[in-house]
Number of protein chains: 8
Amino acid sequence: MEQSEMRRILEQVRDGALGLDDAMLRIREAPYTEIGYASIDNHRQIRQGFAEVIYGAGKTKEQILGITLKMAENGVKTILITRMAPEKAAWVRDLLIKKAGLTCYYDPVPQTAIVGEMPEPSGRGSIVVASGGTSDMAVSEEAALTAEALGNHVIRLVDVGVSGLHRLLSHLDEIMSARVIIAVAGMEGALASVIAGLADCPVIAVPTSVGYGANFGGLSALLSMLNSCASGVSVVNIDNGFGAGYQAALINRAV
Amino acid sequence: MEQSEMRRILEQVRDGALGLDDAMLRIREAPYTEIGYASIDNHRQIRQGFAEVIYGAGKTKEQILGITLKMAENGVKTILITRMAPEKAAWVRDLLIKKAGLTCYYDPVPQTAIVGEMPEPSGRGSIVVASGGTSDMAVSEEAALTAEALGNHVIRLVDVGVSGLHRLLSHLDEIMSARVIIAVAGMEGALASVIAGLADCPVIAVPTSVGYGANFGGLSALLSMLNSCASGVSVVNIDNGFGAGYQAALINRAV
Amino acid sequence: MEQSEMRRILEQVRDGALGLDDAMLRIREAPYTEIGYASIDNHRQIRQGFAEVIYGAGKTKEQILGITLKMAENGVKTILITRMAPEKAAWVRDLLIKKAGLTCYYDPVPQTAIVGEMPEPSGRGSIVVASGGTSDMAVSEEAALTAEALGNHVIRLVDVGVSGLHRLLSHLDEIMSARVIIAVAGMEGALASVIAGLADCPVIAVPTSVGYGANFGGLSALLSMLNSCASGVSVVNIDNGFGAGYQAALINRAV
Amino acid sequence: MEQSEMRRILEQVRDGALGLDDAMLRIREAPYTEIGYASIDNHRQIRQGFAEVIYGAGKTKEQILGITLKMAENGVKTILITRMAPEKAAWVRDLLIKKAGLTCYYDPVPQTAIVGEMPEPSGRGSIVVASGGTSDMAVSEEAALTAEALGNHVIRLVDVGVSGLHRLLSHLDEIMSARVIIAVAGMEGALASVIAGLADCPVIAVPTSVGYGANFGGLSALLSMLNSCASGVSVVNIDNGFGAGYQAALINRAV
Amino acid sequence: MEQSEMRRILEQVRDGALGLDDAMLRIREAPYTEIGYASIDNHRQIRQGFAEVIYGAGKTKEQILGITLKMAENGVKTILITRMAPEKAAWVRDLLIKKAGLTCYYDPVPQTAIVGEMPEPSGRGSIVVASGGTSDMAVSEEAALTAEALGNHVIRLVDVGVSGLHRLLSHLDEIMSARVIIAVAGMEGALASVIAGLADCPVIAVPTSVGYGANFGGLSALLSMLNSCASGVSVVNIDNGFGAGYQAALINRAV
Amino acid sequence: MEQSEMRRILEQVRDGALGLDDAMLRIREAPYTEIGYASIDNHRQIRQGFAEVIYGAGKTKEQILGITLKMAENGVKTILITRMAPEKAAWVRDLLIKKAGLTCYYDPVPQTAIVGEMPEPSGRGSIVVASGGTSDMAVSEEAALTAEALGNHVIRLVDVGVSGLHRLLSHLDEIMSARVIIAVAGMEGALASVIAGLADCPVIAVPTSVGYGANFGGLSALLSMLNSCASGVSVVNIDNGFGAGYQAALINRAV
Amino acid sequence: MEQSEMRRILEQVRDGALGLDDAMLRIREAPYTEIGYASIDNHRQIRQGFAEVIYGAGKTKEQILGITLKMAENGVKTILITRMAPEKAAWVRDLLIKKAGLTCYYDPVPQTAIVGEMPEPSGRGSIVVASGGTSDMAVSEEAALTAEALGNHVIRLVDVGVSGLHRLLSHLDEIMSARVIIAVAGMEGALASVIAGLADCPVIAVPTSVGYGANFGGLSALLSMLNSCASGVSVVNIDNGFGAGYQAALINRAV
Amino acid sequence: MEQSEMRRILEQVRDGALGLDDAMLRIREAPYTEIGYASIDNHRQIRQGFAEVIYGAGKTKEQILGITLKMAENGVKTILITRMAPEKAAWVRDLLIKKAGLTCYYDPVPQTAIVGEMPEPSGRGSIVVASGGTSDMAVSEEAALTAEALGNHVIRLVDVGVSGLHRLLSHLDEIMSARVIIAVAGMEGALASVIAGLADCPVIAVPTSVGYGANFGGLSALLSMLNSCASGVSVVNIDNGFGAGYQAALINRAV
């Protein structure tokens, strides 16, 4: 409960405008206002200019459509939908236009959609998303689109794996001037360490499940990144492009 | 090699002030100038106001003393030494004063020393270091001292584990106004998720090896943090307080 | 063998009413009467008012139907069938009505059926089943239906994951007054620790395989729950909603 | 904050006995009263007749002494100290008598101490603590003493491992009449399954790290117990006798 | 090379009947006769009355048919085919009769076939195959049929899992009089320990992948069996019914 | 309880020579007679000529001495003590001679002692104990001494690891004529597969924790042996020489 | 940048033939020439006579065709395509002939294709590819074809698993005279150790995922090979036949 | 048995100079000559100019001295002793000089000794040993000294970890011209991939156990290296510097 609301209730009690039982009830009925963060929970994202996010994996197409329409009604300008299969996406896109005239951009590689207008970049600098190989693109694009939908300028460095170092070194300028870097790699995950050695900004490492044999579903890249010999690296879950994009946006926030 | 230095060498060659072989030598002797980022490697930390860091674990006390004295000679104002055992610390501290008049603050819990003056906070906001229990303090203090040595204002929330939620909730103000939060926890590592649900800044999670039984040396907290249901969490290696403090400083940097 | 039966046999031997060979045979032929628990095995569940349980996963629809009909003939009022796929359920339900006039409630989310009348709650208090997210519902509903079929009043708290703490805290009353709580969560499994910190009754934690990346099929939630920093938590197998519901019923039993 | 306290503050505000700022302050200064469970946190254990518990592992002997003395001053009748090494125990015991006339029972096998009077059993029934072998006694006694210190009647079945089934079966009476059973076993951990098949009360399984080879520090017993083919078993962490004793006490509570 | 053959060659050399080069060649060309076990490799199984075994999993139906026909031509009386899918089995069975008048018994549960006549039991005693539940039958029947095809009398104890001990104890006579026991169980795999505590013959334990959650594909039963607290247990690979049946036959061999 | 003893009690009851209460007591005092196998538990080993075994690891020297003396009083001719540290062994050996005139052979490599006379070999054939390297000798000698103490003729093949195949092949005769083979190996554990390919008797494989790096305390040898491509191999726990020797003795038993 | 080029630029600057800005630009614009290996990256394979390699797994048939045609235009004589599914292979083969008259050999077992002429063997000696069983052939043939496409003479030893040692020993000549040996095996992976004990050339071990039960997708063979007791063994990833063939070719290179 | 020796025996038999029984005996007494590789086992190393190797870890100082003296008597010029603790080394060195006038070079970091003269480099090219950090030196020096003792020219690149890429790139010349490269690294083990991307010779990767947290004793570097995205990398066991040096020598062998 906001301090000002609490004071108002107390004033009304003092002034006899509010009975004890009613005062008790109002305090009791707003259980999370009591600890002061519920409003933030509802409002902070819009306040920050952040898009709303729908995690599409476990939801039916009807649920996704319904939530999206309700958000749009509530005035959300940009809605990010992650992990939505192509069949669902086609159906949702059609009905968004028909029912509410909403445009929907969908990228089938990361299975990510953006509904409404892409926000203008408002962050402090640029976010570089570097990936080891083309097979990491489902993850790296999820990260990139997430960052863009949350109002960031994103630079993509594709296929800059460490087995051909010159590909990475030819992008030293972008790396040196980034505000945050997301390093996406499978297999041995060395990309994060090499980039963190070159850059002087925070590096968020995303291990991918790309690989075979003793890759163990991304475990090898995950352990590699956690054990990076370079300072300034932190790690998100395997294949969690969204998580990396979201945290990069928090870091790059101007406010 | 800085572009300006390269230009100076070329000017001297053009002007006949520098022979070809000497020019070749000067370029060659700075091997990393060849790829353009070496100067950064030498100078970026000082430029950023960052302290220099010595990882003390695998070094003899003589080596630690030697490196510290050399850095001080080179004008480094603040030197952070991590993982230095108390016996070494006592010896190093004595000789730093005797030989160079350098003061050395040493905290035996995280086994961390700071040589020279602690820099004034220069970051964008405050860094909160929250830890689950008193037994996590070796790690949380390593994080806190690292962040302070790198020029940040640090707020410590000790013993705010999730099994007594009120302890954490009584610090909502600090959590809500932080620029970065470092969440340090062992056992089930739930602290990171709960904090990330409350805060709207990046959370860096540090799993600790505190616990017993099926804790497996911190693995349980590590997996827990990687799988956080809250957005905005990234993770560093088990017990890696330094890594978290360092990345928090990168995130909080004003420039 | 019950002491009284043994005494009766000995009396008959003493009195010449029973020959040695017959006495030997009677002792030999009742191998489990000898250890006194066989009758319990057959009768205890009915005595306790507990429903009978059929684990449907490895059985054909014909087998499930046959066992159910036989139980019903034997006078079992409530029969719980777990892990029965929808196709089997439709077939079984039809034939139960046609052949024996038995009604069958089937919930496709946890794939659980209840045949016959749901028993009146007879436990000491209420059982709270709290789950982290809607994707945990297959497991949490298996737990809830199991507890109900075994004669308990169940309160469901859905989607009260720790990343939005206010959702959980708004149910403090139910948590504080429960006799047993079942905490169902995937991903980082922090729910169990947070609830156990709030409640003063036993908490049974059920890790679910919900999650991705380094979730490893529920291992991350399992380890998290085993390492809970809160007292009063015990854990059942991954996705084992039935096991949690069953133990909660044992704990809540009035006798 | 208790509803009655909140009402009293509101009454004072209404009656003009308390100014707005002071009212705000009193509510603000008791941050956890706001969510209504803090008083429980402080008082519930005493209300329940539960002893207070000190986890001795990470504390100095001075800290243990200090906390114990303060608790005794506050009127706590029984104080349980777990994981306290013998050297510390001797020192603490001496000073408790000298300084406060407090008696202290210490068992060096589970390294557990009980300060003050052992409470009268107040639970609903008896708690059976069964262990597979004598080498599991450090853990089983921690469980048993914990349950006793929390006001329960405890029956110990020592060395009833499944490789000699008759040892277990000769205690069928105790098993059949228990209200809760704690099954403590290392190696293959089969004890929990066998007991749960015999009993009709909740079984709390405690895997121990006793064993060698592919035991992996208790992992084999842990997995075995989680995968029990018998219903009614839940599991606590490896070697966590305290956790099992604590939850058994919660289950056996009369209220 | 058999000693007698070697002597014959030397005799021929001594007698001038064999030139040096030809002698060198003969020794050289029979590399494995040189170490004396090749004949055994070809003949020992027939000598022992053992059936020949075809591992069907990685072979086409044509390959299986071809090998079987060739073995039959060579006079093999009983041919065991393991892991042959039902479709292949139907095709192979038809053609064996049409082409060679060979009868083929096929059991679809363990996917095992026996071609030709089942041998008369020739072992020293009986082999008991005990399994924990009906879902372990694919594995237990593979073991039983293997042992029978290799000339043993087999007693099957189905569904004698430790959660209902009386089921097992009612078969004490068979257990006490067995020459070898194969204990097949999934989940917690406790069956092997309990049986080994009752019996005084070798117990071969077969963990199965039956179970769910933290069963990890049979790992929990495997570790459980390796860590058995009972003496006289050895273990084969997960689901390896054939391996257990084969070794049991070697143990039970009369010669 | 032996059937004959039971009959005797019943006869005495019939004849009035034994009162009901006394009869009840005698049956009751032998609790395991109730399920008919207890006498075996007490007597089978002596009947079989098997030595009694004391697992020395978790026992004090006083306990070991006491149990040994009592067994000797009861007429046990050969007593095997495993895992007894040298200090304890010296003390026990001295007192066994002083107090009871008992000789005690102690081998410090496997830390195994044999008290009393070594029994004459009574098994069906010889047991071969083959080990990969001299560093496996602690385990292989535990196996060999166990088998000898249980009445078997043992042939030791030391240092016959597969990296020098000729060492193994020079012992083909012993391998071909063994009744059971125990294959002890660390590192890659290939010895079991190679021997099982040469022999036609059961092979019991013992993985040892000898090795380094990714050996993981014997896990590499354990997995290797479980996955043997040769038929006729079963496996005991890591370093469990006793378990292998014991099962080999069961297999080789003449009766 | 090559030293000679750098000198030429400096000479031109000295001589006034090159302005400062242009000199700066030329150095800047060739970022990877600066470190001197880019040309190698482009040319070394052709220089070495090595075929070019396309990893087919993650590519569409159109992409594979396009890259192949472009390489052929560039004068590459032999192109190796690994992990190309049969459907893609048929389509690609057809169009290679139609569009460019290129022949394409495709082996469906390892799913490997070779486009163009197979090079004449140019290595120093022969490469032996030995595999444990026919089910390892997908991997062993990938290794063999890779080595052949890179200009080596390859000798295949199929089905020489250690459970029938004579099969391996009958090929001692090939093993003794090889320049490199690739040992491919699943299950317990013992083949590598046995071969390395026999040979005196480098052995590259390839664990395969062939096996079942506790094979864990090739982990058992992988650990086995890493822990080989024989010197001279190194290991590549599970099922990585290409990697082994490629390194064998590097080792056997004449230059 | 060497072909020439075999021929000599046959000649003597033919000529009547050797009786049949004696001939049989001579063949029998040299059991491994039977399979033709034993001579190689004894002689190949000297033939190749390779030093003999003693693995010092499990041996007493007396054993090490004895074996060394015997080898020296047999004419071995260079003897490599690995894993010999400093105390043993001092004692052995003293006595080697006193008893046999043998010089012994000992390096306490890798705990490796070389007795006798270091051989002249006889390999085809140079072997580069590159290590990530100074804490990897125990392993990298074991590799380097092994390669030198086996007759190779070794170039050491110390502390060239990927977090400071310029350190590595300044040694491009050595990397480009090596015949074999050994890449030694702990933590994330990325060094192997980066080097293999730069070099065109075989790279042998040695993971070290250097690191902390989720390093798991070298597992993270091991998995990283096995999953290298660069071609031409194979891996030896964790910390196995000797194994890498030995295989590098085999690869570099001139013959």
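Higher on the page you've got the structure.
Here we summarise the structure given alongside this text. (Residues numbered from 1 in each chain as written. Chains lettered and ligands numbered in written order. Predicted model: local features only at pLDDT ≥ 70, side-chain atom pairs only at ≥ 80, totals over all residues. Heavy atoms only, no water.)

Some words on the pattern of salt bridges
Rules: Any carboxyl oxygen of Asp or Glu within 4 Å of a side-chain nitrogen of Lys or Arg constitutes a salt bridge here. What counts as a helix is a DSSP run of H or I of at least four residues, what counts as a strand is a run of E of at least two, and both are numbered from the N terminus. When accessible area is computed with a 1.4 Å probe and restricted to protein chains, residues below 20% of their type maximum are described as buried, those above 50% as exposed, and intermediate ones as partly exposed.
This structure, assessed with the given rule, holds 40 salt bridges over all chains. Note that Arg83 of chain C and Glu142 of chain C form a salt bridge whose closest N and O atoms lie 2.8 Å from each other. On the criterion of sequence distance, the pair formed by Arg83 of chain C in the loop between β2 (78-82) and α5 (86-100) and Glu142 of chain C in helix α6 (residues 137-149) is long-range, its members being 59 residues apart. For Arg83 of chain C, a relative accessible area of 23% gives the class partly exposed. The class of Glu142 of chain C is buried, set by a relative accessible area of 3%. For Arg156 of chain H, the salt bridge identified is with Glu141 of chain H, shortest N-O distance 2.6 Å. Taken together, the residues Arg156 of chain H in strand β6 (residues 153-157) and Glu141 of chain H in helix α6 (residues 137-149) connect sequence positions 15 residues apart. Accessibility expressed as a relative area gives 33% for Arg156 of chain H, which makes it partly exposed.

Side note on the interface of chain A and chain B
Selection rule: In what follows, residue pairs with any heavy atoms lying within 4.5 Å of each other are defined as contacts. Two parts placed together each lose some accessible area; with a 1.4 Å probe, that loss summed over both constitutes the buried area. When residue character is reported, Ala, Val, Leu, Ile, Met, Phe, Trp, Tyr, Cys and Pro are called nonpolar, Asp, Glu, Lys and Arg charged, and the others, Gly included, polar.
In this assembly, 35 residues from chain A lie in contact with 36 residues from chain B. A combined buried area of about 3,000 Å² lies between chain A and chain B, and 54% of that area is made up of carbon and sulfur atoms. Looking at the side of chain A that touches chain B, the elements with two or more residues in it are α3 (38-47), α8 (172-177), α9 (191-198), α10 (219-226), β9 (233-235) and α11 (241-252) of chain A. No other element matches the five residues that α11 of chain A contributes to the side of chain A that touches chain B. Grouping the constituent residues of the side of chain A that touches chain B by class yields 21 nonpolar, eight polar and six charged.

What to know about the environment of Glu188 of chain G
Here Glu188 of chain G shows up in the loop between β7 (180-185) and α9 (191-198). Each C-alpha atom of the pair Glu188 of chain G and Thr208 of chain G lies 9.9 Å from the other, and the pair is 20 residues apart in sequence. With residues near it in sequence (within four places) discarded, Glu188 of chain G still touches Ser193, Ser224, Asn227, Ser228 and Cys229 of chain F together with Val162, Ser220, Ala221 and Ser224 of chain G.

Details of the sheet that holds strand β3 (residues 104-107) of chain G
Residue and element names in this part refer to chain G. Under the convention used in this document: DSSP bridges decide pairing: two strands pair if at least two such bridges lie between them. Here the axes come from fitting lines to C-alpha atoms, over the contacting stretch only for helices, and the angles between their N-to-C directions go from 0 to 180 degrees.
Pairing in this open sheet of four strands is mixed, and the strands run β1-β2-β4-β3 from one edge to the other. Of all strands in the sheet, those with a lone pairing partner are β1 (52-55) and β3, marking the two edges. Shown here is a sheet whose adjacent strand axes are inclined to one another by a mean of 15°, direction ignored. This element, helix α5 (residues 86-100), spans β3 and β4 (112-116) of the sheet and lies at about 170° to β3.

Concerning the relation of the copies chain A and chain B
To be explicit about the condition: The copies were overlaid with a least-squares fit restricted to C-alpha atoms from residues scoring a pLDDT of at least 70 in each copy.
Least-squares fitting of chain A to chain B yields an RMSD of 1.2 Å, with the transformation described by 0.5 Å of translation along the axis and a rotation of 178°. What the rotation and shift describe, once combined, is the action of a two-fold rotation axis. Most of the interface of chain A is mirrored in chain B, where 100% of its interface residues are also at the interface.

Focus: the packing of α6 of chain H against helix α11 (residues 241-252) of chain H
Residues and elements named next belong to chain H. Condition: Whether a crossing is left-handed or right-handed is set by the direction in which the near helix is turned from the far one by less than a right angle, anticlockwise for left-handed and clockwise for right-handed.
Packing of α6 against α11 brings their axes to within 7 Å, and their N-to-C directions diverge by 30°. Two packed elements cross with a definite hand, and for α6 against α11 that hand is right-handed. In this structure, α6 uses Val139, Glu142, Ala143, Thr146 and Ala147 to contact α11, whose residues at the interface are Gly241, Phe242, Gly245 and Tyr246. Classifying every residue of the contact of α6 with α11 by side-chain character gives five nonpolar, three polar and one charged.

Looking at the environment of Lys59 of chain E
Residue and element names in this part refer to chain E. With respect to the helices and strands, the residue Lys59 is situated in the loop between β1 (52-55) and α4 (61-73). You can call Lys59 partly exposed: its relative accessible area is 26%. Remark: the alpha-carbon pair of Lys59 and Thr134, spanning 75 residues in sequence, is separated by 28 Å. Setting aside chain neighbours within four positions, we find Lys59 in contact with Ile54, Ile64, Ile67 and Lys88.

Quick notes on the packing of helix α4 (residues 61-73) of chain D against helix α5 (residues 86-100) of chain D
Residues and elements named next belong to chain D. Closest axis-to-axis distance for the α4/α5 pair is 10 Å, and the angle between their directions is 35°. When you trace α4 past α5, the crossing you get is right-handed. For the pair α4 and α5, contact is made by Lys61, Glu62, Ile64, Leu65, Thr68 and Leu69 and by Lys88, Trp91, Val92, Leu95, Leu96, Lys99 and Ala100, respectively. Partitioned by chemical class, the residues of the contact of α4 with α5 number eight nonpolar, one polar and four charged.

A look at the side chain of Ser220 of chain F
What counts is decided by this rule: Between N or O atoms, a polar contact is any pair within 3.5 Å; within protein, one atom must be a potential hydrogen donor and the other a potential acceptor, and residues adjacent in sequence are included only when both atoms are from side chains.
Examined against the element boundaries, Ser220 of chain F turns out to sit in helix α10 (residues 219-226). At 2.6 Å, the side chain of Ser220 of chain F and the backbone oxygen of Met187 of chain F are in polar contact. With residues up to four places along the chain from it excluded, the contact list for Ser220 of chain F reads Met187, Glu188, Ala214 and Asn215 of chain F together with Leu223 and Asn227 of chain G.

Comments concerning the side chain of Asp136 of chain D
All names here are of chain D. The line we're drawing: His residues and chain termini do not enter the charge count, which takes Lys and Arg as positive and Asp and Glu as negative.
Tracing the chain through its elements places Asp136 in the loop between β5 (126-131) and α6 (137-149). The buried charged residue Asp136 lacks any salt bridge, with Arg167 as its nearest oppositely charged partner at 9.6 Å. Sequence-distant contacts of Asp136, defined by excluding residues within four places in its chain, comprise Ser131, Val184, Ala185, Gly186, Thr208 and Val210.

So, the pairing of strand β8 (residues 203-207) of chain H
Residues and elements named next belong to chain H. Quick note on the threshold: Classification remark: right-handed applies to a crossover when, strands pointing away from the viewer, the course from the first strand over the helix to the second runs clockwise.
Within β8, five of the five residues are buried, which leaves the element mostly enclosed by the surrounding structure. Of the two faces of β8, both are covered, the one formed by Val203, Ala205 and Pro207 as well as the one formed by Ile204 and Val206. In terms of strand pairing, strand β7 (residues 180-185) meets β8 through five bridges, oriented parallel. By the bridge assignment, Val184 is partnered in β8 with Val206. Since β7 and β8 lie parallel, the crossover through helix α9 (residues 191-198) that links them has a hand, and here it is right-handed. In this structure, β8 lies alongside strand β9 (residues 233-235), joined through three bridges in parallel fashion. Across the sheet, residue Val203 finds its bridge partner in β9, namely Val233. Crossover β8 to β9 through helix α10 (residues 219-226) is right-handed.

Thoughts on the sheet that holds strand β1 (residues 52-55) of chain A
Paired through their backbone hydrogen bonds, the strands of a sheet run either parallel or antiparallel. All names here are of chain A. Across the sheet, four strands lie side by side as β1-β2-β4-β3; this open sheet has mixed pairing. The sheet is open, and its two borders are formed by β1 and β3 (104-107), each paired with just one other strand. Across this sheet, the average inter-strand angle for adjacent strands is 15°, counted without regard to direction. Note: β1 against strand β2 (residues 78-82), four bridges, orientation parallel. Paired with Ile54 across the bridge in β2 is Ile81. Packed on one face of the sheet, helix α5 (residues 86-100) meets β3 and β4 (112-116) and runs near 170° to β3. Contacting β2, β3 and β4, helix α6 (residues 137-149) crosses the sheet at an angle of about 165° to β2.

Re unusual backbone geometry
In this model, Asp239 of chain E sits at a positive phi of 65°, which is unusual for a non-glycine residue. Note on placement: Asp239 of chain E falls in the loop between β9 (233-235) and α11 (241-252). A positive phi is found at Arg83 of chain F, a non-glycine position, where the angle reads about 50°.

Considering helix α4 (residues 61-73) of chain B
Three or four residues apart is the spacing at which side chains of an α-helix point the same way, because the helix has 3.6 residues per turn. All names here are of chain B. Just so we agree on the cut-off: Between the first and last residue of a helix there are one fewer steps than residues, each counted as 1.5 Å, and that sum is the expected span. As used here, the arc is the angular range of directions from the helix axis to the C-beta atoms.
A rise of 1.5 Å per residue sets the reference length of α4, with its 13 residues, at 18 Å; its end C-alpha atoms lie 18 Å apart and thus fit the reference within 8%. Listing the buried residues of α4 in full gives Ile64, Leu65, Thr68, Leu69 and Met71. Each buried residue of α4 lies within a common arc of 160° when the element is viewed along its axis, so the set occupies one face. Away from its buried face by more than 90 degrees, α4 exposes Lys70 and Glu73. In this structure, the buried side of α4 is in contact with β1 (52-55), β2 (78-82), α5 (86-100) and β4 (112-116). Downstream of α4 by one or two residues, Gly75 has phi in the positive range, about 95°.

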